Amino acid sequence: MQTKRPFTTLAKVEEIAAEIPTPFHLYDEAGIRDRCRRLKEAFAWNPNFKEYFAVKATPTPQILKIMQEEGMGVDCATYTELLLAEKVGFSAHDIMFSSNVTPAIDFQKAAELGAIINFDDISHIDFFKEHVGTFPETMCVRYNPGGTFEVANGIMDNPGDAKYGMTPEQTKEAFQKLSEYGVKNIGIHSFLVSGSTSNEYYPKLARTLFELAVELKDLTDLNISFINLSGGVGVAYKPEDTPADIKIIGEGVRKAYEEILVPAGLDNIAIFTELGRWMLAENGGLVAQVLHEKVTYKDYIGLDASAANLLRPAMYGAYHHVSVLGKEDAPADHTYDVTGGLCENNDKFAIDRQLPETNVGDYIWIHDAGAHGAAMGYQYNAKLRSAEVLLKEDGSFKQIRRPETPEDYFATMNFDI
Ligand SMILES: *Cc1c(COP(=O)(O)O)cnc(C)c1O
C-alpha cells in the first residue's frame, strides 16, 4: 500500500501555530501551481484550452489570485461568487457562470461582468430575456443525456437522477431560441460524474458532447465555439486509491476530438474545464491539535477542529486520511475514532482508524481538505470558521483568511430584545 504524507512538517506547523491558533487550513502554493501547469500541459494540444477554477471549492482570494496568475479563469454559480471573482479582478470571458435555480439578480450581475453564462434549463432562456434583456454574443447550454453514464468497467453515475442540465430535445430547442435571440457563439457543458479518478471519465464525456456538437452544428447558424467538460475529476483520498492521470485524460480527450470533431470540420472548438477538487484537494490540509483523549467503549481522540471545519466525513461518509505530525513513520498500532466537539455523534473525522499512539497536544493533519473543505465551513454549535494559511513557494507562510471571532458570529443578530 502506498503511504500518504503531509506536504509539510511538524516543525513548520509548530512555527505557524505559534502565531495562528489551530485549527487552520493550510494550502501549498507550489502544489497548486504545479497542478495548473500539469493541466495546461495535458491539454496543450488544444490551442484555446482554458480551465475555469470552480470557486465553490476554495473561495479564498489568494487562491483565486494564484489561479489568475497561472492563466486560469473562474467558474461561479452565485451572485456573491461573482462579486468575489470581480474583487479578485476577473471579468468578461475569464468568468464562466454555471448556476442552477438562478435568481434574476445573479443573471444580471453575470451579464454586467460580461461572463459566459451557462443555461441550466430551457426555461431560463426566456427568464433571462425578461430580466436581463439583451443576450451576449457568447453563451453556453448545460446538457444532461439522462439514463446512466457508463464506461468500460461499469456504471459511473445516473445523470437521469440529477437535477442539472437539459434533455437532448431541450438542448436543440435552446440552440434554436438562442440563435433567434441573437447569440452568435455557443458552448456545450455537462457534468455527469463527481470525484472520478477514472482516466476514462473525461474522454467518455467528451465523446458524448462531441457527438452532440456534430449533430447540432447545422441545426442553427450558431457557431459551436467550446465544449466545457466541467469538473468531476477526483483525487486519491485513500492511500490505496489510484490517482487520475491528467496526461492520459488529456490524451483521451484529444483522441475523441480527432475522431469525432475534426472529420466533421469542427476543428476549432476550444476545450474548457471547471475543475475544483483535482486542482486543490490535495493541496490543502486541515491542521488540528488533540485537546483530549477519552476512553470509554472506544478510544476517542478529540480535536479542536470539528465538522464545522471539514464537513465531508459527516456529510458524505467521505474518507480523509489522517496523519499524526512528527509520527509519520511510527507504527499505526492503535485504533481510534478521531472526533470534533460538535454535539452530533457523526462529528468524526475517522472511525476505527489505525494510527500511531496519539497524545494530547499532538498536531493532526487531515489530508486532502483543500477543496470543498474550508468552503463548506459553517457555524453550528457556534463553532467558528477557522483561519486559512498559505504555505508559500519560498517556505514562508501567510494568513490568507483570519479565523472568525465571536463578534463575527454576533454581527448578523439582533440583540434589541
Ligand atoms: C462543483 C462544480 C464544479 C467543480 O467540481 P469538482 O468536483 O470540484 O471538480 C464545476 N462545475 C460546476 C458547475 C460545479 O457545480
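Conventions and cut-offs
- Residues numbered from 1 in each chain as written.
- Predicted model: local features only at pLDDT ≥ 70, side-chain atom pairs only at ≥ 80, totals over all residues.
- Heavy atoms only, no water.
- Buried < 20%, exposed > 50% of the residue type's maximum accessible area, 1.4 Å probe, protein only.
- Helix = DSSP H or I, 4+ residues; strand = E, 2+ residues; numbered from the N terminus.
- Pairing = 2+ DSSP bridges.
- Right-handed = clockwise from strand over helix to strand, strands pointing away.
- Axes fitted to C-alpha atoms, helices over the stretch in contact; angles between N-to-C directions.
- Phe/Tyr/Trp six-rings, centres within 6.5 Å; stacked < 30°, edge-to-face > 60°.
- Lys NZ or Arg CZ within 6 Å of the ring centre and 35° of its normal.
- Arc of directions from axis to C-beta.
- Contact = heavy atoms within 4.5 Å.
- Salt bridge = Lys/Arg side-chain N within 4 Å of Asp/Glu carboxyl O.
- Parallel < 35°, antiparallel > 145°, perpendicular 65-115°, else oblique.
- Left-handed = near helix turned anticlockwise from the far one by under 90°.
- Nonpolar A, V, L, I, M, F, W, Y, C, P; charged D, E, K, R; others polar.
- Near = heavy atom within 4 Å.
- Polar contact = N/O pair within 3.5 Å; in protein donor to acceptor, adjacent residues only side chain to side chain.
- Areas by Shrake-Rupley, 256 points an atom, 1.4 Å probe, with all protein chains shown as cover.
- UniProt positions renumbered as here; feature names shortened; annotations may be inferred.

(A) Quick look at the pairing of strand S3 (residues 73-76). Going residue by residue along S3, you find Gly-73 and Asp-75 tucked away on one face and Val-74 and Cys-76 tucked away on the opposite face as well. Taken together, the three bridges between strand S2 (residues 50-54) and S3 define a ladder with parallel strand orientation. When the sheet's bridge partners are listed, Ala-54 is paired in S3 with Asp-75. What joins S2 to S3 is helix H3 (residues 61-69), and the crossover it makes is right-handed. Pairing of S3 with strand S4 (residues 95-98) involves three bridges; the strand directions are parallel. Note on S4: the bridge partner recorded for Cys-76 is Phe-97. With helix H4 (residues 79-88) bridging S3 and its parallel neighbour S4, the resulting β-α-β unit is right-handed.

(B) Highlighting the sheet that holds strand S10 (residues 223-228). Taken together, the eight strands give a closed barrel; going around it, the order is S2-S3-S4-S5-S6-S9-S10-S11, and neighbouring strands pair in parallel fashion. Looking at each pair of strands side by side, their axes are set apart by 25° on average, direction ignored.

(C) Geometry of the packing of aromatic side chains. A full pass over the atoms with the stated rule returns 19 aromatic pairs. With a centroid separation of 5.1 Å and 65° between ring planes, the pair formed by Tyr-52 and Phe-272 is classed as edge-to-face. One end of the pair, Tyr-52, is in strand S2; the other, Phe-272, is in strand S11 (residues 270-273), with 220 residues separating them in the sequence. Aromatic pair Phe-119 and Phe-128: ring centres 5.4 Å apart, planes at 85°, arrangement edge-to-face. Taking the relative accessible area as the measure of exposure, Phe-119 reaches 0% and is therefore buried. A cation over a ring is seen here: Lys-50 above Tyr-52, with NZ or CZ 5.9 Å from the ring centre. Over the face of the ring belonging to Tyr-181 we find Lys-129, whose NZ or CZ atom lies 5.0 Å from the ring centre.

(D) Looking closely at H3. Of all the positions in H3, only Ile-63, Leu-64, Ile-66 and Met-67 are classed as buried. What you see down the axis of H3 is that its buried residues fit within an arc of 155°, all on one side. Phi for Gly-71, located one or two positions after H3, is positive at around 85°.

(E) Spotlight on the environment of Lys-184. Tracing the backbone shows Lys-184 in the loop between helix H7 (168-180) and strand S9 (185-189). Given the relative accessible area of 46%, Lys-184 is considered partly exposed. For Lys-184 and Thr-9, which are 175 residues apart along the polypeptide, the C-alpha to C-alpha distance reads 53 Å. Once you skip the residues sitting within four places of it in the chain, Lys-184 turns out to touch Glu-137, Asp-221, Leu-222 and Asn-223.

(F) View of the pattern of salt bridges. By the definition in use, this model includes 29 salt bridges. Close ionic contact of Glu-69 with Arg-33 constitutes a salt bridge, the shortest N to O distance being 2.5 Å. With Glu-69 in helix H3 and Arg-33 in helix H2 (residues 29-42), this pair connects stretches of sequence that are 36 residues apart. Given the relative accessible area of 9%, Arg-33 is considered buried. A cluster of three or more residues bridged by salt bridges with shared partners is formed by Glu-29, Arg-33, Arg-37, Lys-40, Glu-69, Glu-70 and Glu-393.

(G) Fine view of unusual backbone geometry. Cis peptide bonds are those with omega within 30 degrees of zero, and the linkage from Thr-22 to Pro-23 qualifies with -5°. Take Pro-23: it is sitting in the loop between helix H1 (10-17) and strand S1 (24-28). Positive phi, close to 50°, is recorded for Val-101, a residue that is not glycine. The phi dihedral of Asp-352 is positive, around 50°, even though this residue is not glycine. Turning to its location among the elements, Asp-352 is positioned in strand S16 (residues 348-355).

(H) Here's a closer look at the packing of H2 against helix H9 (residues 246-261). Closest axis-to-axis distance for the H2/H9 pair is 8 Å, and the angle between their directions is 30°. When the axes of H2 and H9 are compared, the pair comes out roughly parallel. In the packing of H2 onto H9, the handedness of the crossing is right-handed. In contact with Arg-38, Leu-39, Glu-41 and Ala-42 of H2, H9 contributes Ile-246, Lys-247 and Gly-250. Taken together, the residues of the contact of H2 with H9 sort by class into three nonpolar, one polar and three charged.

(I) Molecular detail of the site of the ligand. As a matter of local geometry, the ligand sits amid 14 residues, with Lys-56, Gly-232, Glu-274, Arg-277 and His-372 nearest to it. In the environment of the ligand, an oxygen atom lies 2.8 Å from a nitrogen or oxygen atom belonging to the side chain of Lys-56. Interatomic distance of 3.0 Å between a backbone N/O atom of Gly-232 and an oxygen atom of the ligand. Its free accessible area being 390 Å², the ligand has 92% of it covered by the protein chains. Within the shell around the ligand, the residues separate by chemical class into three nonpolar, six polar and five charged.

(J) Representation of the UniProt feature "modified residue: N6-(pyridoxal phosphate)lysine" (unreviewed entry) in the chain. Within this numbering scheme, the UniProt entry marks Lys-56 as carrying the feature "modified residue: N6-(pyridoxal phosphate)lysine" (unreviewed entry). With respect to the helices and strands, Lys-56 occurs in the loop between S2 and H3. Those residues in contact with Lys-56 that sit more than four places away from it in its chain are Glu-81, His-372 and Ala-375.

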